[in-house]
Amino acid sequence: MIEFHQVTKIFESNGNKVEALKNINLTIDKGDIFGVIGFSGAGKSTLIRTVNLLEYPSAGEVLVKGKNLTELSKYEIREAKKDIGMIFQHFNLIKSKTVFHNVAMPLLLSGYNKKSVEEKVFEILRFVGLEEKAKNYPDQLSGGQKQRVGIARALITNPSILLCDEATSALDPETTKSILKLLKRINKEYNITILIITHEMEVIKEICNRIAVMEDGQIIETGKVFDVFANP
Ligand code: ADP
Ligand code: ADP
């Protein structure tokens with residue numbers, strides 16, 4: 001579903017070079033809930049952001065369903081990105097827009113008709129349990145509710161991949177549990193492949209079937225959760 005082949009990413013700022021990714025090789029299969037864990041600065045964010053071209057690799061390639069997105073036309077990239085939803089640590093909602101409009105945004109941008117957008121938005125809001133908040137603004141919601149809005153927005157284009165960038169790191173343990181439960185349902189009921197990056201061991205243990213451990217721009221271990229953490 002997602003393949004990293006010898007992916008390297010070098011950031012240059014003020015003459016300093018940071019090698020955020022060093023020759024990454026990794027395969028994420030369809031149906032996986034795949035977790036990448038590591039300390040701050042390990043390169044996790046950079047890694048996940050190469051999947052939907054928020055970052056471009058300096059070398060190597062990232063394939064999504066066998067395609068290297070950097071080789072597609074602008075139109076094809078836009079279509080490919082609709083197939084990849086993303087949620088963020090700080091939710092990245094638009095404060096001046098209602099829940100309804102935040103969720104509808106990806107569809108409105110690609111010119112769907114109003115009626116079908118409305119039906120789709122309410123269907124997804126029902127799924128994440130926020131139907132009655134459609135008219136509220138982000139500041140009127142709890143952290144968990146904001147992340148549910150983020151999830152609804154990510155699902156509105158019917159993606160087959162969901163990228164989660166520290167999606168529960170700003171939430172308390174109880175709320176984290178409920179969001180993880182929702183991610184599990186998304187994986188099962190919508191058959192969406194999920195890639196999670198986190199520094200939280202509990203998240204990984206709770207829902208991932210396979211994991212990779214990152215350190216200093218490299219993958220130092222991959223496997224099933226049980227096997228990786230069973231090692232002394
Ligand atoms: P993590 O998500 O594991 O905390 P990141 O991928 O954010 O790690 O960062 C990996 C390394 O790359 C860090 O040293 C970070 O400072 C650096 N880095 C990330 N993004 C940039 C950028 N846009 N410009 C320069 N350095 C960056
Ligand atoms: P988060 O962990 O919430 O995703 P970060 O603080 O890691 O946010 O990064 C926020 C943004 O800053 C990202 O776009 C990242 O690429 C960029 N960034 C991270 N580290 C650096 C750095 N050392 N220099 C420049 N930009 C950076």
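Residues numbered from 1 in each chain as written. Chains lettered and ligands numbered in written order. Predicted model: local features only at pLDDT ≥ 70, side-chain atom pairs only at ≥ 80, totals over all residues. Heavy atoms only, no water.

**Points about the overall build of the protein chain**
Here comes step 1: For the protein chain, the helix and strand inventory stands at eight helices and 10 strands.
Here comes step 2: Taken over C-alpha atoms, the radius of gyration comes to 18 Å for the protein chain, in line with the 17 Å a tight globule of 232 residues would show.
Here comes step 3: Relative to its full complement of 232 residues, the protein chain shows a buried share of 50%.
Here comes step 4: Sequence separation of at least 24 residues holds for 69% of the intrachain contacts in the protein chain that already meet a minimum separation of 6.
Here comes step 5: About 11800 Å² of surface is accessible on the protein chain, with carbon and sulfur atoms providing 48% of the total.
Here comes step 6: Charged side chains of the protein chain number 31 positive and 29 negative; the gap between the two group centres comes to 6 Å. (Helix = DSSP H or I, 4+ residues; strand = E, 2+ residues; numbered from the N terminus. Rg over C-alpha atoms; globule rule 2.2 N^0.38 Å. Buried < 20%, exposed > 50% of the residue type's maximum accessible area, 1.4 Å probe, protein only. Contact = heavy atoms within 4.5 Å. Areas by Shrake-Rupley, 256 points an atom, 1.4 Å probe, with all protein chains shown as cover. Lys, Arg positive; Asp, Glu negative; His and termini not counted. Charge placed at Lys NZ, Arg CZ, Asp CG, Glu CD.)

**As for the site of ligand 2**
Here comes step 1: Around ligand 2, the surrounding shell consists of S45, R49, E55, Q89, H90 and D165.
Here comes step 2: Contact distances for ligand 2 include 3.4 Å between an oxygen atom and a side-chain N or O atom of R49.
Here comes step 3: At 3.3 Å from an oxygen atom of ligand 2 is found a side-chain nitrogen or oxygen belonging to Q89. (Near = heavy atom within 4 Å. Polar contact = N/O pair within 3.5 Å; in protein donor to acceptor, adjacent residues only side chain to side chain.)

**Section: the sheet that holds strand β5 (residues 67-68)**
Here comes step 1: Read across the sheet, four strands follow the order β2-β1-β4-β5 without closing on themselves; strand pairing throughout is antiparallel. Lying at the two open borders of the sheet, with one neighbouring strand each, are β2 (16-28) and β5.
Here comes step 2: Summarising the sheet, strand β4 (residues 59-64) and β5 pair through two bridges and their orientation is antiparallel. Bridge pairing links L63 to N68 in β5. (Pairing = 2+ DSSP bridges.)

**Let's talk about the nonpolar core**
The nonpolar side chains of a soluble globular protein tend to be buried, and buried together.
Here comes step 1: Ranked by size, the top nonpolar core spans 45 residues in total, and within it L125, I151, L183, I186, I194 and I196 carry the most contacts.
Here comes step 2: When residues in this core are grouped by element, the largest group, six residues, is from helix α4 (residues 114-128).
Here comes step 3: Every residue in contact with L183, bar those within four places of it in the chain, is listed here: I87, I151, L162, C164, I194, I196 and I207.
Here comes step 4: Counting 30 residues, the second-largest nonpolar core is a separate cluster that includes L72, A80, I161 and L163. (Core = buried A, V, L, I, M, F, W, Y, C linked by side-chain atoms within 4.5 Å.)

**Considerations on unusual backbone geometry**
Here comes step 1: Positive phi values are uncommon outside glycine, yet N92 reaches one of about 55 degrees.
Here comes step 2: Here N92 is to be found in the loop between β6 (84-88) and α3 (99-109).
Here comes step 3: Overall, the relative accessible area of 42% leaves N92 in the partly exposed class.
Here comes step 4: Here the phi dihedral of D216 falls at roughly 50 degrees; this positive angle occurs in a residue that is not glycine.
Here comes step 5: Looking at the secondary structure, you find D216 in the loop between β9 (210-215) and β10 (218-224).

**What about the pairing of β4?**
Here comes step 1: Bridge count for strand β1 (residues 2-13) against β4 is five bridges, and the pairing is antiparallel. Counted as the bridge partner of H5 is E61 from β4.
Here comes step 2: Connecting β4 to the next strand, β5, in antiparallel fashion are two residues, including K65 with a positive phi near 50 degrees.

**As for the site of ligand 1**
Here comes step 1: In the region of ligand 1, the neighbouring residues are F11, V18, A20, F39, S40, G41, A42, G43, K44, S45 and T46.
Here comes step 2: Note that an oxygen atom of ligand 1 is positioned 3.0 Å from one of the backbone N or O atoms of G43.
Here comes step 3: Its free accessible area being 560 Å², ligand 1 has 61% of it covered by the protein chains.
Here comes step 4: Ranked by residue count, the leading element in the shell around ligand 1 is helix α1 (residues 44-51), at three residues.
Here comes step 5: Per-class residue counts for the shell around ligand 1 are five nonpolar, five polar and one charged. (Nonpolar A, V, L, I, M, F, W, Y, C, P; charged D, E, K, R; others polar.)

**Some details on the confidence of the model for the protein chain**
Here comes step 1: Residues of the protein chain with pLDDT of at least 70 account for 99%, and the chain-wide mean is 93.
Here comes step 2: On the interface metric, ipTM, the complex scores 0.71, and its pTM is 0.88. (pLDDT = per-residue confidence, 0-100.)

**Overview of the sheet that holds strand β7 (residues 161-165)**
Here comes step 1: Taken in spatial order, the six strands line up as β6-β7-β8-β3-β9-β10 in an open sheet, and their pairing is mixed. The open sheet is flanked by β6 and β10, the only strands paired with a single partner. Pairwise comparison of adjacent strand axes, ignoring direction, gives a mean angle of 15 degrees for this sheet.
Here comes step 2: Sheet analysis places strand β3 (residues 33-37) next to strand β8 (residues 193-198), joined by five bridges and oriented parallel. Bridged to I33 within β8 is I194.
Here comes step 3: The strands touched by α1 within the sheet are β3, β6, β7, β8 and β9, with β8 carrying the most contacts at an inclination of about 155 degrees.
Here comes step 4: Of the strands in this sheet, β3, β6, β7 and β8 are in contact with helix α6 (residues 173-189), which crosses β8 at around 155 degrees. (Axes fitted to C-alpha atoms, helices over the stretch in contact; angles between N-to-C directions.)

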